[in-house]
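Each chain is listed here by its residues.
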Amino acid sequence: MTRTARWTDLPEHRRWLAREADDLLRLFEAESLDPDGGFFALDAEGRALRDAPLREIHATARMVHCYAIAALMGRPGAMEIVDHGMRFLWERHRQPGGGYAWGVTASETPDPRLTGYGHAFVLLAASSAEMAGHPQARRMIDDVTEVLRARFWEEAPGAIREGFDADWTETEAYRGQNCNMHLTEALMAAHEATGDARHLEMAERIADLIVNRRARENGWRLAEHFHPDWSVNHEYEGDPMFRPAGLTPGHGFEWARLLVQLYETGGRRLGWAPEAARALFDRAAADGWDEARGGLYYTLGWDDRPAIAERYWWPICEAIGAAHALATLQEDAVLESWYRRFWDFAATRLIDRDHGGWHPQIDAEGRPSSDPFFGKPDIYHALQACLIPLHPCTGSLAALLRER
């Protein structure tokens, strides 16, 4: 039987991915830079929302991370964007009492919450900036690492708390997988940037708790919400953007990719990771894909039925990365079929050929919509979907580009 070529082996597909990445970088570098500090959000037509001064920390940090990658790719002007974002993180998001506030403007701090999710992205941004050669990145890595270890980390379970108010009072009896998943990504990058083995050990402990124990116990359904003792909270209903009720197939894909990376970054010592990564992928694909209309449901109930049927852009992005990552471990026609299916859907339904970027979501009938996401939310997921398939999944994009 003749072997079907993987798309990622085809020069034409690789050029297409590089063009899509370039389109995203051109869109965001043209309109995002706020001369007063931080980055403008973009509307549905890719124009800066100049009357919306609030800067949320994950958006600032993701821009730094993405343009650090662009700088490592040799993109002129990218390091100026990195520097602009790093100054804003240090001078505005960073607080006198320690930690990094969730929402700030050029002169005020309207939302001073100190979140695990936000601090994870600060660590990721600083680590990528360090690998790109930013002179102030290491001090930020050291600063946010100290905060994460002293304030957020819980040694007994091996994971972080959700967040605090401005006075470091824990605000709710809740534990979540989302901030821990993104911290796993950031800890791997921090390990690559600094050589600190503790970063990698923390990442492996989080993965063991969230995936090897809790997801395995639940038939590879990735639980999102937990009680303080890290038992699953099946009844939790929170923010539809960051904490939707039920299950989120996109996070199953995201963890599948991160597990492959964690397996490789740790010298393949995490023996359970490849099996778990494939099990998460298969479960998310089987339960999350709409066979009738295509695309991934945003959320499912614990009965595996669709709860929020809208298709968001980021789960497809993560599914693309997961299919590629697993294919680097095992040659499998099923994975290649999924990779092509995911990209077919993204290219025909989600990429905005009129205004650039990606539509953040489409409704159940396939029409672009703007609730809860509006405009072009950020570059992070889409850029990584374009760039991850161009590289082996043996480290972060920044580390792989630095080595190259």
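Data block above holds the structure.
Residues numbered from 1 in each chain as written. Predicted model: local features only at pLDDT ≥ 70, side-chain atom pairs only at ≥ 80, totals over all residues. Heavy atoms only, no water.

Any chance you could explain the overall build of the protein chain here in plain terms?
Scanning the protein chain from N- to C-terminus turns up 13 helices and twelve strands. For 404 residues, the compact-globule estimate of 2.2 N^0.38 gives 22 Å, and the C-alpha radius of gyration of the protein chain, at 20 Å, lies within 12% of that figure. By principal-axis analysis of the C-alpha atoms, the protein chain measures approximately 65 × 45 × 40 Å. The proportion of buried residues among the 404 residues of the protein chain is 61%. By sequence separation, contacts in the protein chain at least 24 residues apart represent 64% of the contacts at least 6 residues apart. Entry remark: accessible area of the protein chain is about 15,700 Å², with carbon and sulfur atoms responsible for 47%. Looking at charge distribution, the protein chain has the averaged site of its 44 positive side-chain charges lying 4 Å from that of its 63 negative ones. (Helix = DSSP H or I, 4+ residues; strand = E, 2+ residues; numbered from the N terminus. Rg over C-alpha atoms; globule rule 2.2 N^0.38 Å. Buried < 20%, exposed > 50% of the residue type's maximum accessible area, 1.4 Å probe, protein only. Contact = heavy atoms within 4.5 Å. Areas by Shrake-Rupley, 256 points an atom, 1.4 Å probe, with all protein chains shown as cover. Lys, Arg positive; Asp, Glu negative; His and termini not counted. Charge placed at Lys NZ, Arg CZ, Asp CG, Glu CD.)

Sorry if this is basic, but what is going on with the packing of helix α10 (residues 313-327) against helix α11 (residues 333-350) here?
Pairs of packed helices are described in terms of their axes, by the angle between the two and the distance that separates them. At a closest axis distance of 9 Å, the pairing of α10 and α11 adopts a crossing angle of 155°. In terms of orientation, α10 and α11 fall into the roughly antiparallel class. Crossing geometry of α10 relative to α11 is assigned as left-handed. Seen from α10, the contacting residues are Trp313, Ile316, Ala319, Ile320, Ala323, His324, Leu326 and Ala327; seen from α11, they are Leu335, Tyr339, Phe342, Trp343, Phe345, Ala346 and Leu350. Taken together, the residues of the contact of α10 with α11 sort by class into 14 nonpolar, one polar and no charged. (Axes fitted to C-alpha atoms, helices over the stretch in contact; angles between N-to-C directions. Parallel < 35°, antiparallel > 145°, perpendicular 65-115°, else oblique. Left-handed = near helix turned anticlockwise from the far one by under 90°. Nonpolar A, V, L, I, M, F, W, Y, C, P; charged D, E, K, R; others polar.)

How do you make sense of helix α5 (residues 137-152) when you look at a structure like this?
Because each turn of an α-helix spans 3.6 residues, side chains separated by three or four positions in sequence point in the same direction. Its 16 residues give α5 an end-to-end C-alpha distance of 21 Å, which sits within 8% of 22 Å, the value for a rise of 1.5 Å per residue. Turning to α5, its buried residues are Ala137, Met140, Ile141, Asp143, Val144, Thr145, Val147, Leu148 and Phe152. (Expected span 1.5 Å × (residues − 1).)

Sorry, what's going on with the pattern of salt bridges here?
Between side chains of opposite charge, a pair can form when the charged atoms approach closely. Counted according to the given criterion, the structure contains 39 salt bridges. With its nearest N and O atoms 2.7 Å apart, the salt bridge here joins Asp287 to Arg283. Within this pair, Asp287 and its partner Arg283 are both found in helix α9 (residues 273-288), separated by four residues, close to a single helical turn. Judged by its relative accessible area of 18%, Asp287 is buried. A relative accessible area of 23% places Arg283 in the partly exposed class. It is possible to trace a salt-bridge network through shared partners that takes in Asp22, Asp23, Arg26, Glu29 and Arg75. (Salt bridge = Lys/Arg side-chain N within 4 Å of Asp/Glu carboxyl O.)

Sorry if this is basic, but what is going on with the side chain of Ser128 here?
Topologically, Ser128 is positioned in helix α4 (residues 116-132). Owing to a relative accessible area of 1%, Ser128 belongs among the buried residues under this scheme. Contact partners of Ser128, with chain neighbours within four places excluded, come to His65, Ala68 and Ala398.

Before we go on, may I ask you to explain helix α7 (residues 197-217) in this structure?
Across its 21 residues, α7 extends 29 Å between first and last C-alpha, which sits within 8% of the 30 Å expected from 1.5 Å per residue. Along α7, the helix axis deviates most sharply at Asp208, where the bend reaches about 35°. The N-terminus of α7 is capped by Asp196, whose side-chain oxygen sits 2.9 Å from the backbone nitrogen of Arg198. Directly after α7, the chain includes Gly219, whose backbone phi takes a positive value near 65°. (Bend = angle between axes of the 7 residues up to and from the residue. Polar contact = N/O pair within 3.5 Å; in protein donor to acceptor, adjacent residues only side chain to side chain.)

Hey, could you run me through the side chain of Thr265 in this one?
If you trace the backbone, Thr265 turns up in helix α8 (residues 249-265). A residue is classified by how much of its surface remains accessible, and Thr265, at 17% relative accessible area, is buried. Excluding residues that lie within four positions of it along the chain, Thr265 makes contacts with Met188, His191, Glu192, Leu200, Thr394 and Gly395.

I tried to follow the environment of Ala285 on my own but got confused; where do I start?
With respect to the secondary-structure elements, Ala285 resides in helix α9. You can call Ala285 buried: its relative accessible area is 4%.

Whenever I open this one, the nonpolar core confuses me. Can you help?
Inside soluble globular proteins, nonpolar side chains tend to come together where they are buried. Judged by nonpolar contacts, the single largest core of 133 residues is most densely connected at Tyr67, Val211, Trp255 and Phe281. For Phe281, the contacting residues outside a window of four places in its chain are Phe253, Ala256, Ala319, Ala322, Ala323, Leu326, Leu335, Trp338 and Phe342. (Core = buried A, V, L, I, M, F, W, Y, C linked by side-chain atoms within 4.5 Å.)

How should I be thinking about the state of the cysteines in this particular structure?
Where two cysteines share a covalent bond between their sulfur atoms, that bond is called a disulfide. Counted according to the given criterion, the structure contains zero disulfides. Summary of cysteine pairing: Cys317 is not part of a disulfide, and the nearest cysteine sulfur, belonging to Cys386, is at 7.5 Å. (Disulfide = S-S within 2.5 Å.)

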